[in-house]
Amino acid sequence: MKKFISFLLILVLAFFLMTSLNSSLDFFNPPNSLDETRMSNAFIHKNASGGSDPVEFGKSTGLEDGSANIVTSVVVDYRSFDTLGEITVLFISALGVGLLLGAGTGAKQRSGFILKTAAKLISPLMMVTGIFIFTHGHLTPGGGFPGGSMMATAFLLNYFGSGSISTDLKSLKWMESLAGVFYIVIGLIGLFVAGSFLQNYLPTGTVGHLFSAGIIPIIYVLVGLKVGSEVSGIIADFSKSEVTS
Amino acid sequence: MIQFAGIALILIGIYGLMTTKHMIKLIIALNVLELGANIFIISVGFVKNGLAPILTADVPSDLLNFVDPLPQAMVLTAIVIGFGATALGLAVARKVYGKYQTYDLSVIGGEE
């Protein structure tokens, strides 16, 4: 009975969503190109005051924001304060997990020979790939969050292979805290040098070069280290509530 | 067209949240709901023959065919926050299981 009433409610909700969205969004006909009046047009042309000069890969220099990956330039430059808040949310959730599950010691798990050997072989490669992804966040798809998650996955694989956490957790906490502090310090330097918090005050270089885009690569490396150590800390906290199988 | 998939996932997630009493299934329903919302937000920025908004050597210089990068940046934020919420929810579920030996909320009951 309850499921039937829920199903009816869902049908009513679906009807209202369809009828209200159908007028405002064109479901079957996406536009041919991005609307000139959208804010994103300014992000793509790297000119927040609204110009539409062409930006060419490998040629344009001295732009407002020199990142080739436009999503990165939105996340870490134009909306960097948002990312700071996002990292704070992740920190608070890691803190909550630590408070709830951090008390136990955790039993050692058994793992098979294949997993044990493969984990030793693969986890360093995963670690290096994660570092590659977050240092190239301004050029290729990816960035601090996927790279950090990949590093934490290598940590998880290592835990599965060896059956217990062998890393020094205190150093993870230090890395996490220092990365967060440096993010805020970079923002504060922007406040004093250029006049607003987290402003891109370093020279932005040529679009598409590894050393370009000002503070974006620095911040993304910090975000990658912070996310990697934070998610590894969450995994370590969960492993403490493990019981013998 | 992909908007329908997003809306369908949102509705499935809400249905799951309304009907189940199992804590892990509740968290899974919340994840399905979040996934639907993310797909819907990304699909808002789609254009015909759209390219990923990354400048490479063979992108035409008029830059008209990029999809909207702003919804993608928003969804990146939403994914990370969804991850944090899921981790915290699973930790709470584990703690409740340690006390009551069950994940079923109707067995646990409320405060007297």
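Up top is the structure these notes are about.
Here's a quick rundown of the structure. Please read all numbers here as calculations on a predicted model, not as lab measurements.

What counts and how
- Residues numbered from 1 in each chain as written.
- Chains lettered and ligands numbered in written order.
- Predicted model: local features only at pLDDT ≥ 70, side-chain atom pairs only at ≥ 80, totals over all residues.
- Heavy atoms only, no water.
- Axes fitted to C-alpha atoms, helices over the stretch in contact; angles between N-to-C directions.
- Helix = DSSP H or I, 4+ residues; strand = E, 2+ residues; numbered from the N terminus.
- Parallel < 35°, antiparallel > 145°, perpendicular 65-115°, else oblique.
- Left-handed = near helix turned anticlockwise from the far one by under 90°.
- Contact = heavy atoms within 4.5 Å.
- Nonpolar A, V, L, I, M, F, W, Y, C, P; charged D, E, K, R; others polar.
- Salt bridge = Lys/Arg side-chain N within 4 Å of Asp/Glu carboxyl O.
- Polar contact = N/O pair within 3.5 Å; in protein donor to acceptor, adjacent residues only side chain to side chain.
- Phe/Tyr/Trp six-rings, centres within 6.5 Å; stacked < 30°, edge-to-face > 60°.
- Buried < 20%, exposed > 50% of the residue type's maximum accessible area, 1.4 Å probe, protein only.
- Expected span 1.5 Å × (residues − 1).

### Quick look at the packing of helix H4 (residues 80–101) of chain A against helix H8 (residues 216–239) of chain A
Residues and elements named next belong to chain A.
No. 1: Across the interface, H4 lies against H8 with an axial gap of 9 Å and an inter-helix angle of 15°. With respect to H8, the element H4 is oriented roughly parallel. Once H4 is placed against H8, the crossing between them reads as left-handed. Across from Ser 80, Ile 87, Leu 90, Phe 91, Ser 93, Ala 94, Val 97, Gly 98 and Leu 101 in H4, the residues of H8 making contact are Ile 219, Val 223, Lys 226, Val 227, Glu 230, Ile 234, Asp 237 and Phe 238.
No. 2: Its residues placed into classes, the contact of H4 with H8 shows 11 nonpolar, three polar and three charged.

### Focus on the interface of chain A and chain B
No. 1: Between chain A and chain B, the contact holds 58 residues from the first and 47 residues from the second.
No. 2: Taken together, chain A and chain B are joined by zero salt bridges.
No. 3: Run the count over chain A and chain B and you get four residue pairs in polar contact (both at pLDDT 80 or more).
No. 4: Per element, the largest residue contribution to the side of chain A that touches chain B is 11 residues, and it comes from helix H1 (residues 2–24) of chain A.
No. 5: Tallied by class, residues from the side of chain A that touches chain B come to 38 nonpolar, 11 polar and nine charged.

### Concerning the packing of aromatic side chains
Residues and elements named next belong to chain B.
No. 1: According to the stated counting rule, one finds four aromatic pairs over all chains in the structure shown.
No. 2: For the ring pair Tyr 97 and Tyr 103, a centre distance of 4.6 Å and an interplane angle of 25° mean the geometry is stacked.
No. 3: With a relative accessible area of 29%, Tyr 97 lands in the partly exposed category.
No. 4: The class for Tyr 103 is partly exposed, based on a relative accessible area of 21%.

### Thoughts on the pattern of salt bridges
Should the charged atoms of two oppositely charged side chains come close, the side chains can pair.
All names here are of chain A.
No. 1: Applying the stated criterion to the full structure yields three salt bridges over all chains.
No. 2: In this structure, Asp 82 engages Arg 79 in a salt bridge whose closest nitrogen and oxygen atoms are separated by 3.4 Å.
No. 3: When its relative accessible area of 30% is taken as the criterion, Asp 82 is described as partly exposed.
No. 4: Among the salt bridges present, the one from Glu 230 reaches Lys 226, with a minimum N-O distance of 3.5 Å. With Glu 230 and Lys 226 both in helix H8 and four residues apart, this pair spans about one turn of that helix. We note that Glu 230, like Lys 226, is buried.

### With respect to helix H6 (residues 144–162) of chain A
No. 1: Relative to the 27 Å expected for 19 residues at 1.5 Å per residue, H6 of chain A spans 27 Å between its end C-alpha atoms, a close match to the ideal helical length.
No. 2: Listing the buried residues of H6 of chain A in full gives Gly 144, Phe 145, Gly 147, Gly 148, Met 151, Ala 152, Ala 154, Phe 155, Leu 157, Tyr 159 and Gly 161 of chain A.
No. 3: As for H6 of chain A, its buried residues are in contact with H4, helix H5 (113–135), helix H7 (169–193) and H8 of chain A together with helix H3 (69–100) of chain B.
No. 4: After H6 of chain A finishes, the residue Gly 163 of chain A shows a positive phi value of roughly 85°.

None of this, on its own, says anything about what the molecule does.
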